[in-house]
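One letter stands for each residue in the lines below.
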Amino acid sequence: MDELIGRLATNASIDSAVAEKTIGIILGFLRNEGPSDSVQALIDHIPGAEAVIAATQGGGLSRLMGGGLMAVGTRLMGLGLGMSDIQKIARELFRFGRDKIGADQMGKIIAGTPGLSQFA
C-alpha cells in the first residue's frame, strides 16, 4: 500500500493522506461495480488494501449519494480533488494495476466497470 500511496502522492501532487483515502474510495467502487474476479486479483496484490477500503466505506451520506461513478467523483471532489487530479490518479492507479496483475486483467477491470474507460 505504501508503494501505491507514494506513487499517487508524487505523480498526482497530492498529500499522502488524501492519496490513501482516494485509493480506498476507488478500490471500493471497483469492488462494487467492476468484474469481481479481476478486481479481487488487484486488491489481493495490494497489501493493506482491504483495511483502506473498509476505512473509506462511509455510512449515511455516502449511501444518500447513491453509487456509480458520479458518487465516486463527488466523494473525491470532497477530498479537494479536481477533475484533472482525478484523471491523473486514475491513470496512475491503472499503471500500478498493470504492473501488479498485468495489462489483460487491468483491461478487464476498465472495460467491465461502467464509465471507467473515459479515465483509462
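Residues numbered from 1 in each chain as written. Predicted model: local features only at pLDDT ≥ 70, side-chain atom pairs only at ≥ 80, totals over all residues. Heavy atoms only, no water.

Asker: Just checking my understanding: could you explain the overall build of the protein for this structure?
Answerer: Summing up its helical and strand segments, the protein has eight helices and zero strands in all. The order of α-helices and β-strands along the protein, N terminus first, is α-α-α-α-α-α-α-α. Along the three orthogonal principal directions, the C-alpha set of the protein runs to about 35 × 30 × 25 Å. For the protein, the proportion of its 120 residues judged to be buried stands at 42%. Within the protein, contacts between residues at least 6 apart in sequence are counted, and of these 66% link residues at least 24 apart. Accessible surface computed for the protein: about 6000 Å², of which carbon and sulfur atoms make up 52%. One way to put it: in the protein the 11 positive side-chain charges average out to a point 5 Å from where the 12 negative ones average out. (Helix = DSSP H or I, 4+ residues; strand = E, 2+ residues; numbered from the N terminus. Buried < 20%, exposed > 50% of the residue type's maximum accessible area, 1.4 Å probe, protein only. Contact = heavy atoms within 4.5 Å. Areas by Shrake-Rupley, 256 points an atom, 1.4 Å probe, with all protein chains shown as cover. Lys, Arg positive; Asp, Glu negative; His and termini not counted. Charge placed at Lys NZ, Arg CZ, Asp CG, Glu CD.)

Asker: Explain the pattern of salt bridges to me, please; I cannot follow it from the model alone.
Answerer: Should their charged atoms come close, side chains of opposite charge can pair. Enumeration over the complete set of coordinates arrives at five salt bridges. Its salt-bridge partner being E50, residue R31 comes within 2.7 Å of it at the nearest N-O pair. Of this pair, R31 sits in helix α2 (residues 16–33) while E50 sits in helix α4 (residues 49–56), and the two are 19 residues apart along the sequence. Between E92 and R95 there is a salt bridge, and its shortest N-O distance comes to 2.9 Å. Of this pair, E92 and R95 both sit in helix α7 (residues 83–101), three residues apart, roughly one helical turn. Through salt bridges that share partners, R7, E92, R95 and D99 make up one connected network. (Salt bridge = Lys/Arg side-chain N within 4 Å of Asp/Glu carboxyl O.)

Asker: Hey, could you run me through the environment of L27 in this one?
Answerer: Topologically, L27 is positioned in helix α2. For L27, a relative accessible area of 0% gives the class buried. As for L27 and V39, which are separated by twelve residues in sequence, their C-alpha atoms are 8.0 Å apart. Each residue touching L27, except ones within four places of it in the same chain, is listed here: L42, I43, I46, A49 and I53.

Asker: Whenever I open this one, unusual backbone geometry confuses me. Can you help?
Answerer: When glycine is set aside, most residues are seen to have a negative phi, and most peptide bonds are trans. If you check the backbone angles, S13 has positive phi at about 55° while not being a glycine. By the secondary structure assignment, S13 is in the loop between α1 (2–11) and α2.

Asker: How should the nonpolar core be read in this particular structure?
Answerer: In summary, soluble globular proteins display a tendency toward joint burial of nonpolar side chains. Counting residues in each nonpolar core, the largest one holds 37 residues, and the members touching the most others are L27, L30, L42, I46 and I109. Looking at this core, the elements that each hand over two or more residues are α1, α2, α3 (36–44), α4, α6 (68–78), α7 and α8 (103–112). The element that contributes the greatest number of residues to this core is α2, accounting for eight residues. Apart from residues no more than four positions distant in its own chain, L42 is found in contact with L27, L30, G97, I101, M106 and I109. (Core = buried A, V, L, I, M, F, W, Y, C linked by side-chain atoms within 4.5 Å.)

Asker: Honestly, the environment of I109 in this entry has me stumped. Any pointers?
Answerer: Mapping I109 onto the fold places it in helix α8. The exposure class assigned to I109 is buried, which follows from its relative accessible area of 0%. Each C-alpha atom, one on I109 and one on G34, is 5.9 Å from the other, the two residues being 75 residues apart in sequence. Each residue touching I109, except ones within four places of it in the same chain, is listed here: L30, P35, S38, V39, L42, I101 and L116.

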